[in-house]
Amino acid sequence: MAAQLPDDLPEQVSRALREDIGSGAVTAALIPADQQTHARVISREAAVICGCAWFDETFRQLDPRVQVRNPVMFVVEIGSVVTTLLFIRDAHSNTSADNVFVGLVTVWLWFTVL
């Protein structure tokens, strides 16, 4: 018998994305940014892997093909990507005030998208 998913699953995913984009995911700090890793789930008995619906919903919400259906949000998403790239590119050459301003604009745009 399949368990029924919560009606607010999309909102749960949106809240989690806002938290991770805001101050950064705490769990992301476990692996250095310049390192890749792989994991394998080993089970001694038959297992049920939970959370697949949340995983799928996360990628659905971030998919540009979904965002493009709402032109305003699509433009905001593109702006978020561009300001993020500019922030990273210019972080070492800008003043602290410029970095704070561009960083805040970038965060604000990502909060709007998510």
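Preceding this paragraph is the structure being described.
Residues numbered from 1 in each chain as written. Predicted model: local features only at pLDDT ≥ 70, side-chain atom pairs only at ≥ 80, totals over all residues. Heavy atoms only, no water.

Trainee: Got a minute to help me understand the overall build of the chain in this structure?
Mentor: Within the chain one finds 5 helices and 0 strands. Written out in order from the N terminus, the α and β elements of the chain read α-α-α-α-α. Long-range contacts, defined here as pairs at least 24 residues apart, represent 63% of the contacts in the chain between residues at least 6 apart. Per element, the accessible surface of the chain, about 9,300 Å² overall, is 64% carbon and sulfur. (Helix = DSSP H or I, 4+ residues; strand = E, 2+ residues; numbered from the N terminus. Contact = heavy atoms within 4.5 Å. Areas by Shrake-Rupley, 256 points an atom, 1.4 Å probe, with all protein chains shown as cover.)

Trainee: I tried to follow the side chain of threonine 83 on my own but got confused; where do I start?
Mentor: Residue position: threonine 83 is located in helix α4 (residues 71-90). Classification of threonine 83 by relative accessible area gives buried; the value is 18%. Filtering out sequence-adjacent residues up to four positions away, threonine 83 remains in contact with Val102, Thr106 and Leu109. (Buried < 20%, exposed > 50% of the residue type's maximum accessible area, 1.4 Å probe, protein only.)

Trainee: Just to check I follow, could you spell out the pattern of salt bridges for this structure?
Mentor: Opposite charge on two side chains allows them to pair when their charged atoms are near. Tallied over the full model, the rule gives 1 salt bridge. Between arginine 89 and aspartate 90 there is a salt bridge whose closest N-O contact spans 2.8 Å. (Salt bridge = Lys/Arg side-chain N within 4 Å of Asp/Glu carboxyl O.)

Trainee: Looking at this structure, I do not really get helix α2 (residues 52-62). What am I missing?
Mentor: Since there are 3.6 residues in each turn of an α-helix, residues three or four apart along the chain are aligned in direction. Every buried residue of α2 is listed here: Glu57, Thr58 and Gln61. Projected onto a plane normal to the axis of α2, the buried residues spread over an arc of 105 degrees and lie on a single side. (Arc of directions from axis to C-beta.)

Trainee: Any chance you could explain a nonpolar patch on the surface here in plain terms?
Mentor: Residues Ile78, Val82 and Leu86 make up a contiguous nonpolar surface patch of roughly 230 Å² in combined accessible area. On the secondary structure map, valine 82 appears in helix α4. (Patch = residues over 30% accessible without salt bridge, like charges linked within 9 Å, V, L, I, M, F, W, Y side chains within 5 Å.)

Trainee: Which parts of the structure should I look at to understand the nonpolar core?
Mentor: Leu9, Val13, Leu17, Met73, Val76, Leu109, Trp110, Val113 and Leu114 together form the largest nonpolar core, which totals 9 residues. Going through the elements one at a time, α1 (9-23), α4 and α5 (96-113) are the ones with two or more residues in this core. Here valine 76 is in contact with Leu109, Thr112 and Val113, once residues within four sequence places are set aside. (Core = buried A, V, L, I, M, F, W, Y, C linked by side-chain atoms within 4.5 Å.)

Trainee: Would you take a moment to explain the environment of glutamate 11 for this structure?
Mentor: On the secondary structure map, glutamate 11 appears in helix α1. The exposure class of glutamate 11 is partly exposed, given its relative accessible area of 35%. As a C-alpha pair, glutamate 11 and leucine 114 span 103 residues in sequence and 9.9 Å in three-dimensional space.

Trainee: How do you make sense of the environment of asparagine 99 when you look at a structure like this?
Mentor: Position of asparagine 99 among the secondary structure elements: in helix α5. Remark: the alpha-carbon pair of asparagine 99 and isoleucine 88, spanning 11 residues in sequence, is separated by 9.4 Å. Ignoring anything within four residues of it in the chain, the contact list for asparagine 99 reads Phe87, Asp90, Ala91 and Asn94.

Trainee: Can you help me understand α4 in this one?
Mentor: For α4, built from 20 residues, the straight-helix expectation of 28 Å at 1.5 Å per residue is met to within 8% by its first-to-last C-alpha distance of 28 Å. Of all the residues in α4, the buried ones are Met73, Val76, Glu77, Ser80 and Thr83. The arc that holds the buried residues of α4, viewed along the axis, is 130 degrees, so those residues lie on one side. Along α4, the residues that are exposed and aim more than 90 degrees away from the buried face are Pro71, Val75, Leu85 and Arg89. (Expected span 1.5 Å × (residues − 1).)

Functional significance is not addressed by these values, which are geometric in nature.
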